[in-house]
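# Observations on the three-dimensional arrangement
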Amino acid sequence: MTETPLQKPPLSIRLCAPRGFCAGVDRAIQIVELALEKYGRPVYVRHEIVHNKFVVDGLKAKGAVFVEELEEIPAEDAGRPVIFSAHGVPKAVPEDARTRNMFYLDATCPLVSKVHKEAEIHFRRDREVLLIGHQGHPEVIGTMGQLPDGIVSLIETEDDARRYTPRSDRPLAYITQTTLSVDDTAGIVAVLQERFPEIVAPHKEDICYATTNRQEAVKHVAPGVDAMIVVGAPNSSNSQRLREVAERAGCKTAVLIQRASDIDWQDFEGIGSLGLTAGASAPETLVEEIISAFSDRFDVTVETVRTAEETISFNLPRELRDPVPPAQAASG
């Protein structure tokens, strides 16, 4: 007598859209790949180009060498290209590169560069600058590093905003990290505006379009599913915020995982619906990998829930559009 195969339980996967790569991440990865194609191996990258191990490992396999500081680059490779990550760097870093006669390419997201310019404008206009963000994040380090030490005050929470004491009678202005929780930031801004009604806000929202769109998609999906997965790295700010947004939207089980092998299946026992999204630095192949893993255990149907269209793209650095390699790189 043959045994009847066990029937898989049904599972509806609601796939958030937009999700995954944003224009800034896509541009940064392209810069590394095109630099390798144009200048050959090795190409150095200061810090993870984006916060995703799968992406970084893939670029390592192609010949990218990741360092945390420029001094780690061997003297004999000083002429090789070095790329600054999408998160942006303090002004001291390109100055150091020029001192070392290095050829560098800046993969800073243009929306992060916008915040850098805002900081400089406020400084030139003699305003006291407050930065809403997370201490130690590379983007925050880069933005604070656009101005002299001690000029920018970091505000991480509403409590920080309530306790903040202006250093002088100069006008106040605030800027923000681009990958924050929209709701958390709104709360901090509300406190600052209540305390300092004349504080100068950004002309256009600093939190980037991709962060906002991905959070809105999660808010739409999370309340109606039994569990939510955010594909992303633990050190990815925008991915961590997506998980928090899902929890706050009412999803009892909201987890951040890097790839399918990290799934703790006990978290998903007995579920009938699953929300799935990916942070802005997570490639679509990892989303597909997770759907495949669930398909091995469940009878899966996939529905895409789209809450916004994204058509933004950013230009590549001129050096990578120029068919003639710079002399510095050619000599390396």
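Look above for the structure.
Conventions used here
- Residues numbered from 1 in each chain as written.
- Predicted model: local features only at pLDDT ≥ 70, side-chain atom pairs only at ≥ 80, totals over all residues.
- Heavy atoms only, no water.
- 1 Å grid on protein atoms, 1.4 Å probe; cavity = no way out; pocket = protein on both sides within 12 Å on 5 of 7 lines; lining within 4 Å.
- Points joined across faces, edges and corners; volume = space filled by probe spheres on them.
- Helix = DSSP H or I, 4+ residues; strand = E, 2+ residues; numbered from the N terminus.
- Nonpolar A, V, L, I, M, F, W, Y, C, P; charged D, E, K, R; others polar.
- Axes fitted to C-alpha atoms, helices over the stretch in contact; angles between N-to-C directions.
- Parallel < 35°, antiparallel > 145°, perpendicular 65-115°, else oblique.
- Left-handed = near helix turned anticlockwise from the far one by under 90°.
- Contact = heavy atoms within 4.5 Å.
- Phe/Tyr/Trp six-rings, centres within 6.5 Å; stacked < 30°, edge-to-face > 60°.
- Buried < 20%, exposed > 50% of the residue type's maximum accessible area, 1.4 Å probe, protein only.
- Pairing = 2+ DSSP bridges.

## What to know about the layout of surface pockets
Reported here for the largest pocket is a volume of approximately 330 Å³. Taken together, 17 residues make up the lining of the largest pocket; nearest its centre are D106, T108, S113, H116 and Q146. Of all elements in the fold, only α3 (92-99), β5 (103-106) and α4 (110-124) reach the threshold of two or more residues within the lining of the largest pocket. Considering every element that reaches the lining of the largest pocket, the biggest residue donor is α4, with 6 residues. Of the residues contributing to the lining of the largest pocket, the split by class is 6 nonpolar, 4 polar and 7 charged. Taken together, 16 residues form the lining of the second largest pocket, with F21, C22, A23, E310 and I312 sitting closest to its centre.

## Concerning the packing of helix α8 (residues 209-221) against helix α9 (residues 237-248)
Close contact between α8 and α9 brings their axes to 9 Å; oriented N to C, the two are set at 25°. As far as their axial angle goes, α9 and α8 are roughly parallel. Relative to α9, the crossing made by α8 is right-handed. Only N238, R241, L242, V245 and A246 of α9 make contact with α8, whose side of the interface consists of T211, R214, Q215, V218 and K219. In terms of residue class, the contact of α8 with α9 is built from 4 nonpolar, 3 polar and 3 charged.

## Digging into the packing of aromatic side chains
All chains considered together, the criterion is met by 7 aromatic pairs. With 5.4 Å between their ring centres and 80° between their planes, Y39 and F103 make a pair best called edge-to-face. With a gap of 64 residues between them, Y39 in helix α1 (residues 23-39) and F103 in strand β5 connect regions that are remote in the sequence. F103 gets classed as buried once you look at its relative accessible area, which sits at 5%.

## Side note on the environment of I29
Considering the arrangement of structural elements, one finds I29 in helix α1. Residues I29 and I49, 20 residues apart in the sequence, show an inter-C-alpha distance of 7.1 Å. Excluding its chain neighbours within four sequence positions, the residues that come into contact with I29 are F21, V50 and V55.

## A short note on the sheet that holds strand β4 (residues 81-84)
Across the sheet, which stays open at both edges, the 4 strands sit in the order β3-β2-β4-β5 with parallel pairing between neighbours. Every other strand in the sheet has two partners, leaving β3 (64-67) and β5 as the edge strands with one partner each. With direction set aside, neighbouring strand axes in the sheet form an average angle of 30°. By the bridge criterion, 3 bridges tie strand β2 (residues 43-46) to β4 in an arrangement that is parallel. From the neighbouring strand, R46 faces β4, where its bridge partner is F84.

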